[in-house]
Amino acid sequence: MILPVMLIAISVTTACTKYLDKTNPDTEVDPTYWKNENSVRTYNWEFYNLFTGFGTGASGDFYFSTFSDDQTPSGFSQYPQTTAATNGSWFFGYVRKANIMLERIDGVPMPDEAKKHWKGVARFFRAYQYFTLVQTFGAVPFYNRSYDVTDTTMLYRPRDPHMTVMDSVLSDINYAIDNLRAKDIDNTVNKDVALALKSRICLFEGTYRKYHTELNASAASIADYLTQAKDAASKLMTGTYTLATSYQTSYNSMDLSSDKEMILYKKYLTGYLTHSVIGYTNSSTQMHGLSKSAVESYLCTDGQPIGLSPLYQGDNTITTVRANRDKRLLQTIDTFLCYNGTLINGLNSSTGYRPAKFLQPAAAQLAPYNDTDAPLFWLAEILLNYAEASYELGAITQADLDKSINLLRARAGVAPLSVIVAFNDPKRDADVAPLLWEIRRERRVELMMDGFRLQDIYRWKKGSYMDSKLNPDSFLGAKVLDNGKVSRNAQGYIMPYPTTSQRVFVDPKNYLSAVPTNQILLYPAYMQPTMQNPGW
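Because the structure is predicted, anything quoted here is derived from the model rather than measured. (Residues numbered from 1 in each chain as written. Predicted model: local features only at pLDDT ≥ 70, side-chain atom pairs only at ≥ 80, totals over all residues. Heavy atoms only, no water.)

Observations regarding the environment of Ser234
No. 1: As for its placement among the helices and strands, Ser234 is situated in helix H9 (residues 219-234).
No. 2: Here Ser234 falls in the partly exposed class, since its relative accessible area comes to 28%.
No. 3: Taking the C-alpha atoms as reference points, Ser234 and Gly138, separated by 96 residues in sequence, lie 28 Å from one another. (Helix = DSSP H or I, 4+ residues; strand = E, 2+ residues; numbered from the N terminus. Buried < 20%, exposed > 50% of the residue type's maximum accessible area, 1.4 Å probe, protein only.)

Structure representation (structure tokens):
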């Protein structure tokens, strides 16, 4: 049996830690390691730990990424009220690892093609980590080489501006695309995976620059990122990848290796690597239910929102909620409600809505032993990236919609989207055009509980969605009858938290996380005032 690549990363991390960025680059131990291409390949496995997927415990990109308006978790979650001393996200270990790899490759005896490929791998992962750093902190120091621990001047250099870092990220991912192999070992980083990451990065950056006018980005730079996002996505829409018949397949498969929708996935296997997503949605632990806001965002099958569609039957029961609705909703929430005082087979959801799209009866059911595979890059996201970038460029056509969003709608049993939206959703933001509103809606429901929502809200500069006073439906659940134990508002909707518990979004402070104070204190005193983000 060949050990799946996503599992190799785990075993190598344990077996070969002395070679995984643990030694000083100029010691005698390090040079003796780099003997051949297999040495480089072994060194690279640890990078795959950057792909969280379903995680391994009570955290992960899917389901557990509850801090958004899509889920109302079992415990109240608020923005930090003080600046933390530490934050594990302020971590540059994989940047340093990538830089060491780049500095060693030319000295390894292997063909030039192999050297270019592995440099592409290193720059792919450097781009990946810097992308997440910028999303979290904005400006960060950009390191394009490894530095000795004694070189404090370079290690504690000023933060580089957001746009400067992202331009370097774009350079890295473009290099990766130009030099990576079309295919290496199955389910490893290759040219297509780099194109998928590029479409994600460039859509984020193009829209962030557009809506965050404080960056003073030029119209040309915005258009360039959006154009590159669309172009990268289009290269993956040529027929190599096709949508699975069922939406749920991407989330509850025992083996995604033959799924034509997958560009890269994370393999889980009993005895090697397992997760807890099924266990936490299939036990007596109260689940993080979907919010009223999320459930109401799904269209009816006629392609109209619930506030307009004659097919909508109301929300007095779970049966009427699900009637004539987008199939993605039917596969995302269960056919029953379960909540305090009204448990179903011991199950309890914070909002009544039980998350169901990850369930798989054939898998191990107890946490942390779940063994279904997790998507990392897949066609559905690519289609969404393509549609949104096309709109933001100001030149979207019906043909663009038909080869992107309308493929997703067809799978979901929803009427196609027209480039001319013939209705006005009463919940639409006044500053968001009707077509863009529908494109964003499509992204929300297709990627529900997939870990994208918070950063989508931030790049659109829609932090108000995170404010429970401005978006009260984000803190409500299903409409239920009084059972003496569940908290409800005057209209009968579940209230997971007391009315005194409100999440307040502070603009611009909460668009970025605070730089941890313990890190700032490592810098020279004269630099420290410039190291923190606005409002912190």
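Digging into the packing of aromatic side chains
No. 1: With the rule as written, the count across this model stands at 43 aromatic pairs.
No. 2: Both rings, one in Phe76 and one in Tyr497, keep their centres 5.4 Å apart while their planes meet at 75°; by these two values the pair is edge-to-face. On the criterion of sequence distance, the pair formed by Phe76 in the loop between strand E1 (71-72) and helix H4 (93-105) and Tyr497 in the loop between helix H19 (453-459) and helix H20 (517-520) is long-range, its members being 421 residues apart.
No. 3: Assessed through its relative accessible area of 35%, Phe76 is described here as partly exposed. (Phe/Tyr/Trp six-rings, centres within 6.5 Å; stacked < 30°, edge-to-face > 60°.)

Here's the deal with the nonpolar core
No. 1: Membership of the largest hydrophobic core comes to 131 residues, with the highest contact counts inside it found for Phe51, Phe124, Tyr130 and Phe377.
No. 2: Ranked by residue count, the leading element in this core is helix H5 (residues 112-137), at 13 residues.
No. 3: Every residue in contact with Phe124, bar those within four places of it in the chain, is listed here: Phe51, Ile173, Ala176, Val189, Val193, Ala194 and Leu197. (Core = buried A, V, L, I, M, F, W, Y, C linked by side-chain atoms within 4.5 Å. Contact = heavy atoms within 4.5 Å.)

Description of the pattern of salt bridges
No. 1: One pass over the structure, following the stated rule, counts 46 salt bridges.
No. 2: Between Arg181 and Glu37 there is a salt bridge, with the nearest N and O atoms lying 2.9 Å from each other. On the criterion of sequence distance, the pair formed by Arg181 in the loop between helix H7 (162-179) and helix H8 (191-211) and Glu37 in helix H3 (residues 37-44) is long-range, its members being 144 residues apart.
No. 3: A relative accessible area of 14% means that Arg181 is categorised as buried.
No. 4: Where Arg441 meets Asp425, a salt bridge forms, and the shortest distance between an N and an O atom there is 2.7 Å. (Salt bridge = Lys/Arg side-chain N within 4 Å of Asp/Glu carboxyl O.)

A word on the environment of Ser513
No. 1: Inspection of the secondary structure assignment puts Ser513 in the loop between H19 and H20.
No. 2: A relative accessible area of 27% means that Ser513 is categorised as partly exposed.
No. 3: Not counting residues within four places of it along the chain, the set of residues in contact with Ser513 comprises Asn87, Thr136, Phe137, Asn533 and Trp536.

As for unusual backbone geometry
In most cases, non-glycine residues show a negative phi, while peptide bonds are predominantly trans.
No. 1: Residue Ala367 is joined to Pro368 through a cis peptide bond whose omega torsion reads 5°.
No. 2: Mapped onto the fold, Pro368 is located in the loop between strand E5 (353-355) and strand E6 (374-378).
No. 3: Cis peptide bonds are those with omega within 30 degrees of zero, and the linkage from Asp507 to Pro508 qualifies with 10°.
No. 4: Mapping Pro508 onto the fold places it in the loop between H19 and H20.
No. 5: For Asn187, which is not glycine, the phi dihedral falls at a positive 60°.
No. 6: Its location among the elements puts Asn187 in the loop between H7 and H8.

What to know about the confidence of the model for the protein chain
No. 1: The predicted model of the protein chain averages 94 in pLDDT, with 95% of residues at 70 or higher.
No. 2: Of all secondary-structure elements in the protein chain, the lowest mean pLDDT belongs to helix H1 (residues 5-15), at 45, while H8 reaches the highest, 99. (pLDDT = per-residue confidence, 0-100.)

Notes on the packing of H3 against H5
No. 1: Interaxial distance between H3 and H5 falls to 11 Å at its minimum, and their mutual angle equals 10°. Between H3 and H5, the angle falls in the class roughly parallel. Facing Glu37, Val40, Arg41 and Asn44 of H3, the residues of H5 in contact are Ala114, Trp118, Val121 and Phe125.
No. 2: Residues that form the contact of H3 with H5 fall into these classes: 5 nonpolar, 1 polar and 2 charged. (Axes fitted to C-alpha atoms, helices over the stretch in contact; angles between N-to-C directions. Parallel < 35°, antiparallel > 145°, perpendicular 65-115°, else oblique. Nonpolar A, V, L, I, M, F, W, Y, C, P; charged D, E, K, R; others polar.)

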